[in-house]
Number of protein chains: 2
Amino acid sequence: MGTRQAVRTGGRSARVQQAVHEAVRALLAERDRADLTVPLVAARAGVTPSTVYRRWGDLQELLADVALEHMRPDGPPTDLGSLRDDLAAWAEEWLEETSSPTGRAFIRDVVAGDDGGRSTGQCCAYTSGRIQAILTRSAGRGEDVPTLDAVLDHVLAPMTYRVLFMSDSLAPGYGRALVDSLLDAR
Amino acid sequence: MGTRQAVRTGGRSARVQQAVHEAVRALLAERDRADLTVPLVAARAGVTPSTVYRRWGDLQELLADVALEHMRPDGPPTDLGSLRDDLAAWAEEWLEETSSPTGRAFIRDVVAGDDGGRSTGQCCAYTSGRIQAILTRSAGRGEDVPTLDAVLDHVLAPMTYRVLFMSDSLAPGYGRALVDSLLDAR
DNA sequence: GCTTTAAAGCAAAGGATTTGCGTTAGCAAC
DNA sequence: GTTGCTAACGCAAATCCTTTGCTTTAAAGC
């Protein structure tokens, strides 16, 4: 028997995925989000609509996939020498990226196109990984660090809630204020 | 001149809205969410699909509307005599209602079918109103109460984040723990 | 009542989505 | 290499959803 259900990861499949993702990004940049359709994306990517439907299911899941790709961390978090500054820098950067209409739309796509918790779970995993990296690095310096859950509850969650539900009430410095409030309450 | 753009609020319009909402609720109870379509809902409600499209735009906005209806508070918050107990009771009740697959779907619908922040804003308004009622009542008793923002940041936001992004990591007692942590940190 | 007109019904046109089948091209074994 | 296997793509027909112009109904104000 040996190999069962060999999933194709490279070659044409990879090219198609890349072309479709890039088509979505390009169209999002130049058109209104409501105008996006699967046939439109497929045409731009040089692919048949049925290919998109078979691989992604529908437009929402495709958008969620693209949004996740955009959220994947690329480098190590910036190192400013202290836990407080590192967390604050990360929080402010996160807010900067997600409080714009475009960034907010990405989060909404992840939540909306959620096939049984896959995309939200992955989104959370990316973010948690990033935070944990900051915490671990600080612990290595000998600092006293809060738990990952504490950072999720007291920094990430409030920011996410406000981006999703109260996008108008986001003042600059909010991220740093949350970090300060967490670190000073011990 | 006088009346401009008289919006119809009663009679047939109200009956149609009610019939469509009820059709959605009935279909959600007996079918899989992915099988829902506008023509299906319209048929169940005894209405033409174009009526639904003209009033709600698309299925997502209709689902968001139904979800909001479901979230509208009906009575005053339960009064247990103390801020801590009232907040904890509210938090646990909120979690109970929204951590089920159905409840989670409602929140996702509100976020997904969001036409420029209307549905999320309304959702937030309902919840904030409820919390503010608890706070005001407690203040009337002479208790020292936190700000609404503090409750949003430290209780509602963490619960919402976990429901949306980490639905598996919800332990019973989480709501009360958040309330305790907020009230004891002062 | 009578008038006005917002909202619903109807039906045709225009797209999006699904699906069966033939074709292409990764991958593995030889 | 080259061959066999089959996942993934292309194509096209069928189906279904969505939009839209026009007509009809029935709220709301006089």
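Residues numbered from 1 in each chain as written. Chains lettered and ligands numbered in written order. Predicted model: local features only at pLDDT ≥ 70, side-chain atom pairs only at ≥ 80, totals over all residues.

Looking only at helices and strands, chain A has nine helices and zero strands in total. Along chain A, helices and strands appear, N-terminal first, in the series α-α-α-α-α-α-α-α-α. Judged by the C-alpha coordinates and their principal axes, chain A covers about 55 × 50 × 25 Å. Of all 186 residues assigned to chain A, the portion counted as buried reaches 33%. (Helix = DSSP H or I, 4+ residues; strand = E, 2+ residues; numbered from the N terminus. Buried ≥ 20, exposed ≤ 12 C-beta atoms within 10 Å, placed from the backbone.)

As a further point, take the interface of chain B and chain A. Facing 21 residues of chain B, the contacting portion of chain A comprises 21 residues. If you list the elements that add at least two residues to the side of chain B that touches chain A, you get α6 (101-112), α7 (118-140) and α8 (148-165) of chain B. It is α8 of chain B that contributes the most residues to the side of chain B that touches chain A, ten residues altogether. Looking at side-chain class alone, the side of chain B that touches chain A contains 13 nonpolar, five polar and three charged residues. (Contact = placed C-beta atoms within 7 Å. Nonpolar A, V, L, I, M, F, W, Y, C, P; charged D, E, K, R; others polar.)

Let's shift gears to the protein's contact with DNA strand D. In the vicinity of DNA strand D, 31 residues are found, and the nearest of them are T51 of chain A together with G11, R12, T37 and S50 of chain B. If you list the elements that add at least two residues to the surface near DNA strand D, you get α1 (12-30) and α3 (49-56) of chain A together with α2 (38-45) and α3 (49-56) of chain B. Of the residues belonging to the surface near DNA strand D, the class tally is eleven nonpolar, twelve polar and eight charged. (Near = placed C-beta within 6 Å.)

Note on soluble globular proteins: their nonpolar side chains tend to be buried together. In this structure, A91 of chain A together with A91 of chain B are the most contacted members of the largest nonpolar core, which totals 88 residues. The contact partners of A91 of chain A, leaving out residues within four places of it in the chain, are V155, M159, G175, R176, L178 and V179 of chain A. (Core = buried A, V, L, I, M, F, W, Y, C linked by C-beta atoms within 7 Å.)

Now for the environment of L164 of chain B. Residue placement: L164 of chain B occurs in helix α8. For L164 of chain B, a count of 25 C-beta atoms within 10 Å gives the class buried. Considering only alpha carbons, one finds L164 of chain B and S181 of chain B, 17 residues apart in sequence, at a separation of 22 Å. Excluding its chain neighbours within four sequence positions, the residues that come into contact with L164 of chain B are V111 and T120 of chain A together with I107 of chain B.

All names here are of chain A. In a regular helix each residue adds 1.5 Å, so 16 residues correspond to 22 Å; helix α5 (residues 83-98) covers 22 Å between its end C-alpha atoms and thus fits that length. When α5 is considered as a whole, its buried residues turn out to be L83, D86, L87, A88, W90, A91, W94, L95 and T98. Buried residues belonging to α5 abut α6 (101-112), α7 (118-140), α8 (148-165) and α9 (174-184). (Expected span 1.5 Å × (residues − 1).)

Before going further, it helps to spend a moment on the protein's contact with DNA strand C. The environment of DNA strand C is formed by 30 residues, the closest being G11, R12, V38 and S50 of chain A together with T51 of chain B. Looking at the surface near DNA strand C, the elements that each hand over two or more residues are α2 (38-45) and α3 of chain A together with α1 (12-30) and α3 of chain B. Looking at side-chain class alone, the surface near DNA strand C contains ten nonpolar, twelve polar and eight charged residues.

Here the focus is the environment of L28 of chain A. Among the structural elements, L28 of chain A can be located in helix α1. Separated by 136 residues in sequence, L28 of chain A and L164 of chain A place their C-alpha atoms 20 Å apart.

Overlaying chain B with chain A gives an RMSD of 0.1 Å, the required rotation being 180° about an axis along which the chain moves by 0.0 Å. Such values leave the two copies arranged in the relation of a two-fold axis. (Least-squares fit on C-alpha atoms with pLDDT ≥ 70 in both.)

Turning our attention to the packing of helix α5 (residues 83-98) of chain B against α7 of chain B. All names here are of chain B. At a minimum axis separation of 10 Å, α5 and α7 run at an interaxial angle of 165°. Considering their axes alone, α5 and α7 lie roughly antiparallel with respect to each other. The chirality of how α5 crosses α7 is right-handed. Contacts between α5 and α7 involve L83, D86, L87 and W90 from the first element and R130, I134 and S138 from the second. Split into classes, the residues belonging to the contact of α5 with α7 amount to four nonpolar, one polar and two charged. (Axes fitted to C-alpha atoms, helices over the stretch in contact; angles between N-to-C directions. Parallel < 35°, antiparallel > 145°, perpendicular 65-115°, else oblique. Left-handed = near helix turned anticlockwise from the far one by under 90°.)

It is worth spelling out the packing of α7 of chain A against α8 of chain A at this point. Residues and elements named next belong to chain A. Relative orientation of the contacting elements α7 and α8 amounts to 115°, with a least axis distance of 10 Å. As for how α7 packs across α8, the hand of that crossing is right-handed. Side by side, α7 and α8 meet where T127, S128, I131, Q132 and L135 of the first sit next to L148, V151, L152 and L156 of the second. When its residues are assigned to classes, the contact of α7 with α8 shows six nonpolar, three polar and no charged.

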